[in-house]
Amino acid sequence: MGMADMAVALWGEHLRHNPSNPHWMNRDRFILSNGHGSMLIYALLHLTGYKLPMTELKNFRQLYSKTAGHPEFGITPGVETTTGPLGQGITNAVGFALAEKLLAQEFNREGHAVVDHHTYVFVGDGCLMEGISHEAAALAGAWKLGKLIALYDDNGISIDGQVAPWFIDNTAQRFVAYGWNVIGPVDGHDAAAVSAAIAQAKAGTDSRPTLIISKTHIGKGSPNRANTSKAHGEPLGAEEIKLTREAIGWSHAPFVIPKEVYADWDAKEKGKAAESAWNDKFAAYKAAFPELAKELVRRMKGDLPKSFVQTAVDTVIAAHQKGETVASRKASQLALESFTAALPEMLGGSADLTGSNLTNTKSTPNLRFDARTGAVVTNEAGQGGRHINYGVREFGMAAIMNGVALHGGYIPYGGTFLTFSDYSRNAIRMAALMKLRVVHVFTHDSIGLGEDGPTHQSIEHAASLRLIPNLDVWRPADTAETAVAWTVALQNKSKPTALLLSRQNIAYIPKGDSAVAPDASGLDAISKGAYVLAEPADAGLKKKAQAVIIATGSEVQLAIAAQKVLAERKIAVRVVSMPSTTTFDLQSAEYKSSVLPAGLPRVAVEMGSTGGWWKYGTAAVVGLDTYGESAPAPVLFKHFGFTPENVADTVQTALTRKA
């Protein structure tokens, strides 16, 4: 109710969209960052002609409705992103605006501006209180996102009441300091004034994003609830609804909209005309630049180029043939060298740890903007940078990547230390919820990072990430597994991926064939999440396996060493590398049993929380359920029992108990 007049100004005068085609490539993007006001966007979508009938509005917040308590991407036509956790909507909007700017630089040509649209976002006090808004707004200013326009619903109320005692920011000065253009305060209930402010923002000759401060009254029109926290967190109730209807002079029955109101709001014809005009423009562009047009369409669809399969095969085979001993973070960079050269849509970055995360490649120079014009700095070939320095902003980076993925045209990936996934966790969860292809590169994945100590040593992080539904988690053991992990991540069109990578070097382990489980071994089997890496014969013992060691990442070489110790003791074991529990869990029961045969004791080895390993029927887990220590990595491995002898003893004990 408090933002209704702002919505009239934007949706009635400025927003360029087509309700008949919510996915039109060059539409303006609208994000409701304060998503608890979801009925506002549902009303706008319904009135302007989207496929959101009145029955859905009547079914607000009910099971299987398209009108959830907070807007959900992929459920409701016209909703660009899922906004529930405050602050992430405006951060997604920064990602949308960045993608638009980069695509325009890459694809537009003189006289052919086929990528040319604005990103609008409604934000509230709660969004601006969340720390992530600081991260996002600062980057938007640094990147000079002139087509990003935020309208601030400044009503001074949150669930706890008047915000003045705890929210004393000078918002205008804050955004000026970020490098934004600030307009207002304007009367948020004067649609003409808000419209004029939007027009001023659009007509700006500089490259700064704009914040329009709109002073509003929450629950406007409600005689007893306006300007109170009750209008924020509670339904008005039947009596107050009656009084409100009388106060605003609305005499029509509930859910009845007069035909003249529908006619005034209907945006289908206007939207159809706008898209038709753009289609003509794109046809001219296609005639002049056929290859560019084809590439833009491919990328906006999210399709990988036809050459991708061969690129992936070549990358994996090259890793296998070279057999390099490197940290898996370096193995990731080696794979990225190949993939970023072949996929111009890959847009990388790091939260101030590029030299540690190794997310940069020869094909991805740093993204830079001209300080005067705001234009993307390009090389002699007209190409801009493709690696983003996010600064120390892990949460902002993750949510911006979500916005980039939602806009389309790019596959974003970004790096930080695994322990800092805690900072970005909710944005990772939102990516999984929205089914976005976003890749998180998490390095320094265990106590193996050494002297930095328990503040930086990841213990529970692998297990906790694996608990997020629809997030694919990989912890590869060598260069080939890492190349396969990247291949799967890039093919995961409807889910995000987390790659957990080591700081310390890992020896390459040959990928042989298993006579017992031939379909569950070798390079092809890696993509199934777990495979038979070594049979007893590989350790010189010609007898059937008596037990199975399951390991991930850097601990796989530890499992191989333990297998040799056990072979000397005449105990035969199979070693299974399980780089992705989340992928393995999706395989058929037949495949799972070929990798982990019934009746054989199983021992898991991973430098982290043990809880997630018991679901595989393990007899024991060599893990870590305490925090780490500050010491050189080899000292820590011995201290915490990550030695071949301890793993071998654990297997032998499990066999003794079985007997």
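The structure we're discussing is the one just above.
Residues numbered from 1 in each chain as written. Predicted model: local features only at pLDDT ≥ 70, side-chain atom pairs only at ≥ 80, totals over all residues. Heavy atoms only, no water.

**Focus: the overall build of the chain**
- Of the regular secondary structure elements, the chain holds 26 helices and 20 strands.
- A compact globule built from 659 residues should have a C-alpha radius of gyration of about 26 Å, and the chain, at 28 Å, falls within 12% of that.
- In terms of its C-alpha atoms, the chain occupies a principal-axis envelope of roughly 90 × 60 × 45 Å.
- A burial count over the chain gives 57% of its 659 residues as buried.
- Contacts spanning at least 24 positions in sequence make up 76% of the contacts within the chain whose residues lie at least 6 apart.
- Accessible surface computed for the chain: about 26800 Å², of which carbon and sulfur atoms make up 54%.
- Considering the chain, the positive charge centre built from 63 side chains and the negative charge centre built from 63 side chains are found 5 Å apart. (Helix = DSSP H or I, 4+ residues; strand = E, 2+ residues; numbered from the N terminus. Rg over C-alpha atoms; globule rule 2.2 N^0.38 Å. Buried < 20%, exposed > 50% of the residue type's maximum accessible area, 1.4 Å probe, protein only. Contact = heavy atoms within 4.5 Å. Areas by Shrake-Rupley, 256 points an atom, 1.4 Å probe, with all protein chains shown as cover. Lys, Arg positive; Asp, Glu negative; His and termini not counted. Charge placed at Lys NZ, Arg CZ, Asp CG, Glu CD.)

**Let's talk about the sheet that holds strand E19 (residues 602–605)**
- As summarised here, the arrangement of the five strands in space is E16-E18-E17-E19-E20, forming an open sheet in which the pairing is mixed. Of all strands in the sheet, those bounded by a partner on one side alone are strand E16 (531–534) and strand E20 (620–622). The mean angle between the axes of side-by-side strands here comes to 30°, regardless of whether they run parallel or antiparallel.
- Here E16 pairs with strand E18 (residues 573–577) via three bridges, running antiparallel. Note on E18: the bridge partner recorded for Val532 is Val576. (Pairing = 2+ DSSP bridges. Axes fitted to C-alpha atoms, helices over the stretch in contact; angles between N-to-C directions.)

**Focus: helix H12 (residues 268–288)**
- Counted at 1.5 Å a residue, the expected span for H12 with its 21 residues is 30 Å, and the 30 Å between its end C-alpha atoms agrees.
- Every buried residue belonging to H12 is among Gly271, Glu275, Trp278, Phe282 and Tyr285, and all of these are buried. Summarising the axial view, the buried residues of H12 lie within an arc of 65°, below the 170-degree limit, and thus occupy one face. In this structure, H12 carries Glu269, Lys272, Asp280 and Ala287 as exposed residues pointing more than 90 degrees from its buried face.
- The elements touched by buried residues of H12 are helix H4 (88–107) and helix H13 (290–301). (Expected span 1.5 Å × (residues − 1). Arc of directions from axis to C-beta.)

**What about helix H7 (residues 171–178)?**
- Taken together, the buried positions of H7 are occupied by Thr171, Arg174, Phe175 and Tyr178. Seen along its axis, H7 keeps its buried residues to an arc of 90°; they face one direction. Exposed residues on H7 whose side chains face more than 90 degrees from its buried face are Gln173, Val176 and Ala177.
- Against the buried residues of H7 lie helix H5 (125–129), helix H6 (131–142), strand E3 (148–154), strand E6 (181–187) and strand E7 (210–215).

**Regarding the pattern of salt bridges**
- Counted according to the given criterion, the structure contains 22 salt bridges.
- Glu345 is paired through a salt bridge with Arg298; the nearest N and O atoms lie 2.8 Å apart. With Glu345 in the loop between helix H15 (328–342) and strand E9 (346–350) and Arg298 in helix H13, the pair connects residues that are 47 residues apart, well separated along the chain. Across the pair, exposure class does not vary: Glu345 and Arg298 are buried alike.
- With a closest N to O distance of 2.4 Å, Lys511 and Asp478 form a salt bridge. Of the two residues, Lys511 sits in the loop between strand E15 (505–506) and helix H21 (523–526) while Asp478 sits in the loop between strand E13 (472–474) and helix H20 (479–491), which places them 33 residues apart along the sequence. (Salt bridge = Lys/Arg side-chain N within 4 Å of Asp/Glu carboxyl O.)

**Describing the pairing of E19**
- Burial along E19 is two-sided: the face carrying Arg602 and Ala604 and the face carrying Val603 and Val605 are both buried.
- Pairing of strand E17 (residues 547–551) with E19, which is carried by four bridges, proceeds in the parallel orientation. By the bridge assignment, Ile549 is partnered in E19 with Val603.
- As paired strands, E19 and E20 are joined by three bridges and run parallel to one another. Looking across to E20, one finds that Ala604 is bridged to Val621.

**Focus: the packing of aromatic side chains**
- Applying the stated criterion to the full structure yields 17 aromatic pairs.
- Ring centres of Tyr413 and Trp486 lie 5.6 Å apart, and the angle between their planes is 85°; on these two criteria the pair is classed as edge-to-face. Taken as a pair, Tyr413 in strand E11 (residues 411–417) and Trp486 in helix H20 lie far apart in primary sequence, 73 residues in all.
- Owing to a relative accessible area of 1%, Tyr413 belongs among the buried residues under this scheme.
- Judged by relative accessible area, Trp486 falls into the buried class, the value being 0%.
- Among the aromatic residues, those joined into a cluster by ring pairs are Trp24, Trp278, Phe282, Tyr285 and Phe289.
- Positioned over the ring face of Tyr410 is Arg299, at 5.0 Å from the centre of the ring.
- Against the face of Tyr508 rests Lys511, its NZ or CZ located 4.2 Å from the ring centre. (Phe/Tyr/Trp six-rings, centres within 6.5 Å; stacked < 30°, edge-to-face > 60°. Lys NZ or Arg CZ within 6 Å of the ring centre and 35° of its normal.)

**Things to note about the sheet that holds strand E12 (residues 439–443)**
- Strand order in the open sheet formed by six strands is E10-E9-E11-E12-E14-E13, with parallel pairing between adjacent strands. The open sheet terminates on both sides in strands that have one partner only, identified here as strand E10 (387–389) and E13. For this sheet, the mean angle separating the axes of adjacent strands, direction not counted, is 20°.
- Bridge count between E9 and E10: three bridges; the pairing is parallel. Directly across from Gly348, in E10, lies its bridge partner His387.
- Running over the sheet, helix H17 (residues 394–407) touches E9, E11 and E12 and is turned about 170° from E11.

**Comments concerning the pairing of E9**
- A large share of E9 lies buried, amounting to five of its five residues.
- Here E9 shows no split at all, with Met346, Gly348 and Ser350 on one side and Leu347 and Gly349 on the other all buried.
- Where E9 meets E11, three bridges bridge the pair, whose relative direction is parallel. What sits directly across from Leu347, in E11, is Pro412.

**Remarks on the side chain of Asn26**
- Along the chain, Asn26 turns up in the loop between helix H1 (4–13) and strand E1 (29–32).
- Given the relative accessible area of 2%, Asn26 is considered buried.
- One polar contact links Asn26 to His117, side chain to side chain, over a distance of 2.8 Å.
- Here Asn26 is in contact with Arg16, Val114, Val115, Asp116, His117 and Trp278, once residues within four sequence places are set aside. (Polar contact = N/O pair within 3.5 Å; in protein donor to acceptor, adjacent residues only side chain to side chain.)

**Observations concerning the side chain of Ser446**
- Checked against the element boundaries, Ser446 lands in the loop between E12 and helix H19 (461–466).
- Polar side-chain contacts of Ser446 include one of 2.9 Å to the backbone nitrogen of Gly448.
- Other than its neighbours up to four places away in sequence, Ser446 contacts Gln457, Ser458, Arg475, Gln504 and Met607.

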